[in-house]
Amino acid sequence: MTAKQATATAVTCRNVTKTYGSGDSLVHALRGIDLEVETGELLMLVGPSGCGKTTLISVVAGILDRSGGECSVFGQDFSAMSQSARTRWRGQNIGFVFQAYNLIPSLTAAENAAVPLLLNGMNMREALDRARAMLERVGLGDRAKSLPNQLSGGQMQRVAIARALIHEPRLIVCDEPTSALDHETGHKVLELLREVAVGPDRALVIVSHDQRIFDFADRIARMDDGRIAEITPPKEPIDL
Amino acid sequence: MNRIALKMLMGDRAKYFGIVIGITFASFLITQQLAIFVGLMGRTIGFLSDTGQGDVWVMDSKVQFIDDIKPLQDTELYRVRGITGVQWALPIYKGLSKARLDNGNFQTCNIVGLDDATLMGGPPEMLEGKLEDLRKADGIIVDENGAIGKLAKGPKEPGGQPVPLKVGDTIELNDHRAIVVGICRVSRTFQSQPFIYTTYSRATTFAPKERKLLSFILVKAKDGQPIVELCARIRSETGLEAKTTQSFKETTVSYFMKYTGIPINFGIAVVLGFLVGTAIAGQTFYNFTLDNLKYFGALKAMGASNFTLLRMILLQSLTVGAIGYGLGVGMAAFVGFAARNTELAFLLPWQLLVITAAAVLLICALTSMLSLYKVFRLEPAIVFKS
Ligand SMILES: Nc1ncnc2c1ncn2[C@@H]1O[C@H](COP(=O)(O)OP(=O)(O)O)[C@@H](O)[C@H]1O
Ligand SMILES: [Mg+2]
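In this numbering scheme, every chain counts its residues from 1 along its sequence in written order. Note on labels: chains are lettered from A, ligands numbered from 1, in written order. Reporting in this predicted model follows two pLDDT cut-offs: at least 70 for local features of residues, and 80 or more for side-chain atom pairs to be given and counted; totals over whole chains, interfaces and linings ignore these cut-offs and use all residues. Water and hydrogen atoms were dropped before computing side-chain values, which therefore reflect all heavy atoms in the structure.

**Things to note about the nonpolar core**
- Within this scheme, the nonpolar core is defined by two criteria: the residues are buried Ala, Val, Leu, Ile, Met, Phe, Trp, Tyr or Cys, and they are joined through side-chain atoms within 4.5 Å. Note on exposure labels: buried denotes an accessible area under 20% of the residue type's maximum, exposed denotes more than 50%, and partly exposed covers the range between, all computed with a 1.4 Å probe on protein chains only. Grouped together as the largest cluster of nonpolar side chains are 138 residues, with contacts concentrated most on M44(A), F96(A), L171(A), I4(B) and L299(B).
- Counting residues per element, this core draws most heavily on helix α2 (residues 13-44) of chain B, which supplies twelve residues.
- Two residues form a contact once any of their heavy atoms are found within 4.5 Å. Not counting chain neighbours up to four residues away, the residues in contact with M44(A) comprise L190(A), I206(A), I213(A), F214(A), F216(A), A217(A), R219(A), I220(A) and A221(A).
- Grouped together as the second largest cluster of nonpolar side chains are 38 residues, V58(B), I140(B), I171(B) and I183(B) included. Helix and strand assignments follow DSSP, with helices taken as H or I runs no shorter than four residues and strands as E runs no shorter than two, numbered in order from the N terminus.

As structure tokens, this is what we get:
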């Protein structure tokens, strides 16, 4: 397990609630979440479909407004920030990995991976250099010029991981990163995430309902019906 | 992000071409229709453009346009000559006459009679012979298009090419013999009838018998004499209408604008081109945006501000706009060039390019507006929806 001496709190949630809709169609997606995520750790958010996992990481990542409670990420409370400040902060501090990869089809692997740097104002040449180096680290050094449709699912998710890491964000959120992949490929992607994404200054939150990858977590938060039911270490911590 | 935006745009070939084609269609149709319209309007004043030696045209006060001849008494010429500020005043006869061709057919021609002494007001360009040759007995000068076309003689052998009218040939105008002494080039006019120049006195013999024959008086102002002032003086002293060449042109064009269906006709074509182009380009661009919505959502989540997205979408729409504009205007110009020696009226002044550019910009604005609305309202949280 990675060194834990210098941990700091990355995410703090206190009694966070979120409702969708109103009136008869009101849905309580989050019913009072208390959660802390430390830097240097990989927290896995697990639970049955519809229990609110995606909603929770959306609130944590600042792409969805909460309905109530307190939530801060590295001391920043999104609800106190303007729309544009929040967008900018997100672009600098958060990395995203999506279930459906969301790679832009007409861009090469390197260009896709470079997008967060470009959004932060870096010029194309420098961003592409860094993207190629990052692709090297995720084992795709030779595929920098490939288009997404020339890559396998596992390779696309590696490009997405390179994209999530390239601007060295402090928080990385992944929603079901392996659910579109077969077991073995999913395993490799998680190995890669542990290897390249976990760091002393960074927190990783991975949403999954795939039992077989729970072993990669430092802690597992099990959700049920909008609440955190329990937070446990994985049953058999794997030796890293 | 500019390169990213352009690659996104061109990534979907079919839609990209669809949008470009829509804008090309609109800009082609708008440019081409306006150019023909301007060309036609230019033809209505062809004779005025050709006859530039004077400053002021004096005419009956009821005249509405250049071909609307309401003859004056010959004595008016002397009255006008007596007005202060007039350097010279010369008669011009303009009328229609029937030419009898050697195959027995008749062709209506414009007859222009020039002052016998000065021959002022003649054609802008002589191709064969000299203007002074009009002083020869029965002399006329025929315009090139008329000589090659409507006034040409029948083919030598049946089924052959018609033979153009040449210097030395004879035609019959209103039962009077006329000998071609020169060929000139004139601007094409609205009715495209041949132009025949001759002297004033001879023209009046070609004309159908009428009491009054003086069509216009062409006046040159003295040096330093303000022209507008001179027009006003002529009006008040003679009761006739006096217009500068420019204002007579404007009167003529506005007559055609007001009393013919031409502007409405072309206006409809232009509006149709605009609407159809906007519909094609707008719908395809909107579909393109919808297809890319999840990527725009991902960009938003990853920190793209609305301003960045605005720039990306505007760049995309302006790019297709510029390409479509270039292609459309290029095609229109090509059509005009290919038709340069035909009866097709086609004039492409730079102002038309500006008008088309403005129309294309408007299409781009309308086109991107819907997309921008959609993308601005997009919740970045959609990125986690599979
Ligand atoms: N945009 C939305 N509008 C209305 N209800 C929603 C919306 N998104 C999610 N929900 C509801 O909120 C609950 C939690 O959803 P979600 O966070 O996606 O769960 P999970 O990711 O654990 O499957 C579900 O009942 C879902 O139907
Ligand atoms: Mg989910």
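There's plenty left to go through after this.
**Description of the side chain of Q107(B)**
All names here are of chain B.
- Secondary-structure assignment places Q107 in strand β3 (residues 106-114).
- Among the residues examined, Q107 registers a relative accessible area of 15% and is labelled buried.
- Not counting chain neighbours up to four residues away, the residues in contact with Q107 comprise S97, K98, A99, L101, K150, L151, Q193 and P194.

**A few points about the domain arrangement of chain B**
All names here are of chain B.
- In terms of domains, chain B is made up of domain 1 (2-44 + 261-384) and domain 2 (73-239).
- Either an automatic procedure or a domain database provided the assignment from which the domain bounds are taken. Centre-to-centre separation of domain 1 and domain 2, based on C-alpha positions: 49 Å.
- Each side of the interface is counted separately: domain 1 has seven residues, and domain 2 has four residues.
- Buried area is a sum: the accessible area each of two parts loses on coming together, probed at 1.4 Å, counted once for each and added. Carbon and sulfur atoms supply 53% of the area that domain 1 and domain 2 bury against each other, a total of about 540 Å² over both sides.
- What counts as a salt bridge is simple: a side-chain nitrogen of Lys or Arg found within 4 Å of a carboxyl oxygen of Asp or Glu. Summed over the shared surface of domain 1 and domain 2, the number is zero salt bridges.
- Under the rule applied, a polar contact is a pair of N or O atoms within 3.5 Å (in protein, one hydrogen donor and one hydrogen acceptor; residues adjacent in sequence only if both atoms are side-chain atoms). Remark: the boundary between domain 1 and domain 2 carries one residue pair in polar contact (both at pLDDT 80 or more).
- With three residues, the single largest contributor to the side of domain 1 that touches domain 2 is α2.
- Residue polarity is assigned by list, with Asp, Glu, Lys and Arg as charged and Ala, Val, Leu, Ile, Met, Phe, Trp, Tyr, Cys and Pro as nonpolar; anything else, Gly included, falls into the polar class. Among the residues making up the side of domain 1 that touches domain 2, the classes are represented as two nonpolar, three polar and two charged.

**As for the pairing of strand β5 (residues 94-97) of chain A**
Residue and element names in this part refer to chain A.
- Side-chain alternation along β5 places I94 and F96 on one buried face and G95 and V97 on a second face that is also buried.
- Pairing between strands requires that DSSP locate at least two bridges from one strand to the other. Relative to strand β6 (residues 171-175), β5 is paired through four bridges, and the arrangement is parallel. Within the sheet, the bridge partner assigned to F96 lies in β6 and is V173.

**Thoughts on empty space enclosed by the protein**
All names here are of chain B.
- Only protein atoms enter the calculation, which uses a 1 Å grid: trapped sets of points that fit a 1.4 Å probe without letting it out are cavities, open sets showing protein on both sides within 12 Å along at least five of seven lines are pockets, and any residue with an atom within 4 Å of a point is a lining residue. Grid points are joined across faces, edges and corners, and a volume is the space filled by probe spheres set on the points. For the coordinates displayed, the defined rule picks out three cavities of 30 Å³ or more.
- Space inside the largest cavity adds up to approximately 70 Å³.
- R43, T44, F47, I66, D67, K94, N110, T189, F190, Q191 and F195 are the residues that line the largest cavity.
- Looking at the lining of the largest cavity residue by residue, the classes come out as four nonpolar, four polar and three charged.

**Observations concerning a nonpolar patch on the surface**
All names here are of chain B.
- Only residues whose relative accessible area exceeds 30% and that take part in no salt bridge are eligible for patches, with like-charged residues grouped when within 9 Å of each other and nonpolar side chains (Val, Leu, Ile, Met, Phe, Trp, Tyr) grouped when within 5 Å. Residue exposure ignores everything except the shown protein chains as possible cover, and the areas themselves are Shrake-Rupley values with a 1.4 Å probe. Residues F25, L272, V276 and I280 make up a contiguous nonpolar surface patch of about 310 Å² in total accessible area.
- With three residues, helix α9 (residues 262-291) is the largest single contributor of residues to the nonpolar patch.
- For L272, the location among the structural elements is in helix α9.

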